[in-house]
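As a plain string of letters, each chain reads:
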Amino acid sequence: MDLVSIRIITGDIARLVEFYEKATGVQAAWSTEDFAELKTPSATLAIGSTRTVPLFAPGVARPADNHSVIIEFLVDDVDRVHGNLTGFVDFVNEPTTMPWGNRSLLFRDPDGNLVNFFTPMTPAAIAKFTR
């Protein structure tokens, strides 16, 4: 088994795709006007409009209602990224080195989803993410 994608359901797909393109520097690939993907070397962030939900089962997902998931992106220099995002996002915290060795920057996307950009700092954290 291989985790390949996380999907966000949104009421405003154009806005959310534009946000993630700007925040990550990754260009989205649009399959339809209701579905786009931002592909990275290790996983894909999929973004679907609310019109895609009934294809699975009506009402199984609601946009802007996440209170438990954090979407995480590994970045080369979280402090530099913080500078680049200043004025563009509302930060939940400034870059902070966590006890597990990652320097993390937490913010919310336009739908309120938590996003963490992080850089491994300790030898153990660096080894964990070395490919």
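Residues numbered from 1 in each chain as written. Predicted model: local features only at pLDDT ≥ 70, side-chain atom pairs only at ≥ 80, totals over all residues. Heavy atoms only, no water.

J.: Teacher, can you tell me more about the nonpolar core here?
T.: The nonpolar side chains of a soluble globular protein tend to be buried with one another. Of all hydrophobic cores here, the largest spans 23 residues; its most connected members are Tyr20, Leu45, Ile47, Phe73, Leu85, Phe107 and Phe117. Put simply, the parts of the chain that give this core at least two residues each are α1 (13–24), β3 (35–39), β4 (44–49), β5 (70–74), α3 (78–85), β8 (102–108) and β9 (114–120). With six residues, α1 is the largest single contributor of residues to this core. Beyond its immediate chain neighbours, meaning those up to four positions away, Tyr20 contacts Ile8, Gly25, Leu38, Leu45, Ile47, Ile71, Phe73, Asp109, Asn113 and Val115. (Core = buried A, V, L, I, M, F, W, Y, C linked by side-chain atoms within 4.5 Å. Buried < 20%, exposed > 50% of the residue type's maximum accessible area, 1.4 Å probe, protein only. Helix = DSSP H or I, 4+ residues; strand = E, 2+ residues; numbered from the N terminus. Contact = heavy atoms within 4.5 Å.)

J.: I'm lost on the sheet that holds strand β1 (residues 5–10) in this one. Help?
T.: Backbone-to-backbone hydrogen bonds pair the strands of a sheet. The strands run either parallel or antiparallel. Sheet architecture is open: four strands sit in the order β1-β4-β3-β2, paired in mixed fashion. Two strands lie at the open edges of the sheet, namely β1 and β2 (29–32), each paired on one side alone. This sheet shows a mean twist of 20° between the axes of neighbouring strands, independent of strand direction. Relative to β4, β3 is paired through five bridges, and the arrangement is antiparallel. If you follow Ala36 over to β4, its bridge partner there is Ile47. (Pairing = 2+ DSSP bridges. Axes fitted to C-alpha atoms, helices over the stretch in contact; angles between N-to-C directions.)

J.: Please explain the packing of aromatic side chains as it appears in this structure.
T.: Aromatic ring pairs are described here by two measures, namely the spacing of the ring centres and the angle between the planes. If you walk through the whole model with that rule in mind, you get six aromatic pairs. Ring geometry for Phe19 and Tyr20: centres 5.2 Å apart, planes at 90°, overall edge-to-face. An identical accessibility class is assigned to Phe19 and Tyr20; each is buried. Relative to Phe117, the ring of Phe107 lies with its centre 5.1 Å away and its plane at 90°, an arrangement referred to as edge-to-face. Highlighted residues: Phe107 in strand β8 and Phe117 in strand β9, separated in sequence by ten residues. Accessibility classification places Phe107 together with Phe117 in one group, the buried group. Among the aromatic residues, those joined into a cluster by ring pairs are Phe19, Tyr20, Phe73, Phe88, Phe107 and Phe117. (Phe/Tyr/Trp six-rings, centres within 6.5 Å; stacked < 30°, edge-to-face > 60°.)

J.: What am I meant to see in α1 here?
T.: Each α-helix turn comprises 3.6 residues. Residues three or four places apart therefore point the same way. For α1, which comprises twelve residues, the first-to-last C-alpha distance of 16 Å matches the rise-based estimate of 16 Å (1.5 Å per residue) to within 8%. Those residues of α1 not exposed but buried are Ile13, Leu16, Val17, Phe19, Tyr20, Glu21 and Ala23. With its phi angle positive at about 80°, Gly25 sits one or two positions after the end of α1. (Expected span 1.5 Å × (residues − 1).)

J.: It is not clear to me how the side chain of Asn66 should be interpreted in this structure. Could you clarify?
T.: Within the secondary structure, Asn66 is located in the loop between α2 (53–56) and β5. For Asn66, the side chain forms a polar contact with the side chain of Asn113, separated by 3.3 Å. (Polar contact = N/O pair within 3.5 Å; in protein donor to acceptor, adjacent residues only side chain to side chain.)

J.: So what exactly am I meant to see when it comes to the pairing of β2 here?
T.: Regular strands place their side chains on alternate faces of the sheet. Both β2 and β3 contribute to a ladder of three bridges, which runs antiparallel. Of the residues in β3, the one forming a bridge with Ala29 is Glu37. In sequence, β2 turns back onto β3 through a hairpin of two residues.

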